[in-house]
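Results of the structural survey
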Amino acid sequence: MFKDGVHAFYANGLLRAFVLALITIFVPVFVYERATATYGSVTIALLIVALYFFVQRLVTLIVDVPVSHIIEKIGFRRSVGISVIFLMAHLSALIAMRTNFAYIWVATMCLSLNLPFYWIARDSALSQDAASQKMGRAMAGIAVLEKIAALAGPFVAGMIILRWGFGTLFIIALVLLAVSAVPLMWMPHHTHKNGVSFTGFWLWVTGRRYFHQAVSQAGAAMEDYGLGVFWPLSLFIIGFNAGTLGAVFSGVAIVSVAVQYVSGIVFDRLRRRGHEMDEVVFGFATVGTALVWLVRLFISTVFQVVAVDSFGQLFQTVYYGFQSDYAHLGGKRMGSIAFWVYLQMTYSIVALFAFGLMAVGVYFGVWKELLFLSTAWWVLVSVVQARETNLH
């Protein structure tokens, strides 16, 4: 049914991406809403949101190395299947949170275990399956499918929440997630070279050969949590309801679909031409993405958000596309699961910093300013990842 592992991931990625498009921006909103209802304090609710994600990434950081050894033994396909089980358990715990807030910790633990099983296996497999000369096109194909899912996901989710509530949303996501595992049966066997260790992580993150990849992962982590947690939560707090949030995020996603696919083709062509042109384009996209975060500090109306985020998608989509291409080139160059484990560990460390910073900002009443400025800074310095284009 699928001619290679990349195309099997296309189908799996589309369904999984739709599930994540349904829930991603609404999970922090749901946690915040339930915490506010339980404790009656906005400050406590924001601290709980920070703690929820802090615990999630702390557990992920702890289990990254042992999970990588499990993946080495069971293979990528089974690993992604296990991640589906943990993600379904996460959704089930969120459903239970409606009546018992204590399930919040079950939810975050299940999501913690889902992350390394999925991302380490997925990125390792894609690095092996995609040719270096066509890395941009391969990554763009997957990203476009995920963007297509993102077009409808937030809007549909917002309407479901307004009409039937968060519980119905999570049940629908649960069913779709189960179906997403079916294409995995067509994944081919992969070789699994590991070699993961904490000493290896230190050498990787400090060595000249991969330091730029570690820095770029910091930018990617801040951008991901910025768009998935900090930005939607800040909009919800100032008065955007679930329906408006969903409509805004779906609306601005339209801009990114065409840009995403074109960026992959352009990336491959620029690398073939040489003359560092791919690095120049990535530099412009990085600066533009960072500047958008500064602008977000001063906007609050629906029109302003749509205008700024739509314009920002032009930079952000190219930034994400090139960032993923450079990362997968680095993974192919290293040729080991270890590369993706170390990226995951770096991502978790940066996330711990981000949510620790959020807690400090909540205490002093400046969490939004601290996080937006920090996101802009880390995105900006991640431009060093373009160095990957000249390494072999």
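This text gives an overview of the structure that appears in the document. (Residues numbered from 1 in each chain as written. Predicted model: local features only at pLDDT ≥ 70, side-chain atom pairs only at ≥ 80, totals over all residues. Heavy atoms only, no water.)

1. Points about the overall build of the chain
Our working rule: Numbered from the N terminus, helices here are DSSP runs of H or I no shorter than four residues, and strands are runs of E no shorter than two. Three exposure classes are used, based on accessible area relative to the maximum for each residue type with a 1.4 Å probe and protein chains only: buried under 20%, partly exposed in between, and exposed over 50%. By definition, residues are in contact when any of their heavy atoms lie within 4.5 Å. Methods summary: accessible areas were calculated by the Shrake-Rupley approach with a probe of 1.4 Å, and residue burial reflects only the protein chains presented.
Scanning the chain from terminus to terminus reveals 14 helices and 0 strands. Helices (α) and strands (β) of the chain occur, in sequence order from the N terminus, as α-α-α-α-α-α-α-α-α-α-α-α-α-α. The burial tally for the chain puts 58% of its 392 residues in the buried class. Excluding contacts between residues fewer than 6 apart, the proportion of contacts in the chain whose partners are at least 24 apart in sequence is 87%. Only carbon and sulfur atoms are counted for the fraction: they give 70% of the accessible area of the chain, which is about 15500 Å².

2. Remarks on helix H3 (residues 42-74)
Note the cut-off: Here, expected helix span is obtained from the residue count minus one, scaled by 1.5 Å. Two axes define the bend at a residue: one fitted to the seven residues ending there, one fitted to the seven starting there, and the bend is the angle between them. Two N or O atoms count as a polar contact when they lie within 3.5 Å, although within protein this holds only if one can serve as hydrogen donor and the other as acceptor, and sequence-adjacent residues are included solely when both atoms are side-chain atoms.
With 33 residues, H3 ought to run about 48 Å at 1.5 Å a step, and its terminal C-alpha atoms sit 44 Å apart, in line with that. Its axis deflected by about 50° at Asp 64, H3 carries its strongest bend there, up to four residues before the proline Pro 66. Of the residues that open H3, the one with a side-chain oxygen 3.4 Å from the backbone nitrogen of Thr 43 is Ser 41. At the C-terminal side of H3, Gly 75 shows a positive phi close to 90°.

3. Let's talk about the side chain of Ser 83
Among the structural elements, Ser 83 can be located in helix H4 (residues 76-96). Filtering out sequence-adjacent residues up to four positions away, Ser 83 remains in contact with Arg 16, Asn 114, Phe 117 and Tyr 118.

4. Focus: the pattern of salt bridges
Rules: We count a salt bridge whenever a side-chain nitrogen from Lys or Arg sits within 4 Å of a carboxyl oxygen from Asp or Glu.
Counted according to the given criterion, the structure contains 2 salt bridges. Between Asp 309 and Arg 296 there is a salt bridge, and its shortest N-O distance comes to 3.1 Å. Of the two residues, Asp 309 sits in helix H12 (residues 302-334) while Arg 296 sits in helix H11 (residues 277-296), which places them 13 residues apart along the sequence. The pair Asp 309 / Arg 296 is uniform in exposure class, with both members buried. Glu 388 serves as the salt-bridge partner of Arg 333, at 2.8 Å between the closest nitrogen and oxygen. On the criterion of sequence distance, the pair formed by Arg 333 in helix H12 and Glu 388 in the segment after helix H14 (367-381) is long-range, its members being 55 residues apart. For the pair Arg 333 and Glu 388, one class covers both residues: buried.

5. Some remarks on the nonpolar core
What counts here: Here, nonpolar core means buried Ala, Val, Leu, Ile, Met, Phe, Trp, Tyr and Cys residues that are tied together by side-chain atoms lying within 4.5 Å of each other.
Counting residues in each nonpolar core, the largest one holds 82 residues, and the members touching the most others are Tyr 52, Leu 94, Phe 170, Phe 230 and Met 358. Counting residues per element, this core draws most heavily on helix H9 (residues 211-237), which supplies 11 residues. With residues up to four places along the chain from it excluded, the contact list for Tyr 52 reads Val 27, Val 31, His 90, Leu 94, Ile 104, Trp 105, Ala 107, Thr 108 and Leu 111. Counting residues in each nonpolar core, the second largest holds 28 residues, with Val 63, Val 67, Phe 76 and Leu 352 among its members.

6. Side note on the packing of H11 against H14
Applied cut-off: Axes here mean lines fitted to C-alpha atoms, for a helix over just the part in contact, with angles spanning 0 to 180 degrees between N-to-C directions. For classification purposes, angles smaller than 35 degrees are called roughly parallel, those larger than 145 roughly antiparallel, those between 65 and 115 roughly perpendicular, and all remaining angles oblique. Polar here means any residue outside two lists: the nonpolar Ala, Val, Leu, Ile, Met, Phe, Trp, Tyr, Cys and Pro, and the charged Asp, Glu, Lys and Arg; Gly therefore counts as polar.
One way to put it is that H11 packs onto H14 with a least axis distance of 8 Å and a crossing angle of 170°. If you check the angle between H11 and H14, you find them roughly antiparallel. Listed contacts from H14 to Thr 286, Val 287, Thr 289, Ala 290, Trp 293, Leu 294 and Arg 296 of H11 are Lys 368, Phe 372, Leu 373, Thr 375, Ala 376, Val 379 and Leu 380. Partitioned by chemical class, the residues of the contact of H11 with H14 number 9 nonpolar, 3 polar and 2 charged.

7. A closer look at the packing of aromatic side chains
Remark: the centre distance and the inter-plane angle together describe each pair of aromatic rings, the angle taken between the planes. The following threshold applies: For Phe, Tyr and Trp, rings pair up if their centres lie within 6.5 Å, where Trp contributes its six-membered ring, and each pair is then called stacked (planes under 30 degrees apart), edge-to-face (over 60) or tilted (otherwise).
One pass over the full model with this rule turns up 28 aromatic pairs. Between Tyr 52 and Phe 53, the aromatic rings sit 4.9 Å apart at their centres with planes inclined by 85°, giving edge-to-face as the arrangement. The residues Tyr 52 and Phe 53 share a single accessibility class, namely buried. On the numbers, 6.4 Å between centres and 5° between planes, the contact of Phe 282 with Phe 322 is stacked. One end of the pair, Phe 282, is in helix H11; the other, Phe 322, is in helix H12, with 40 residues separating them in the sequence.

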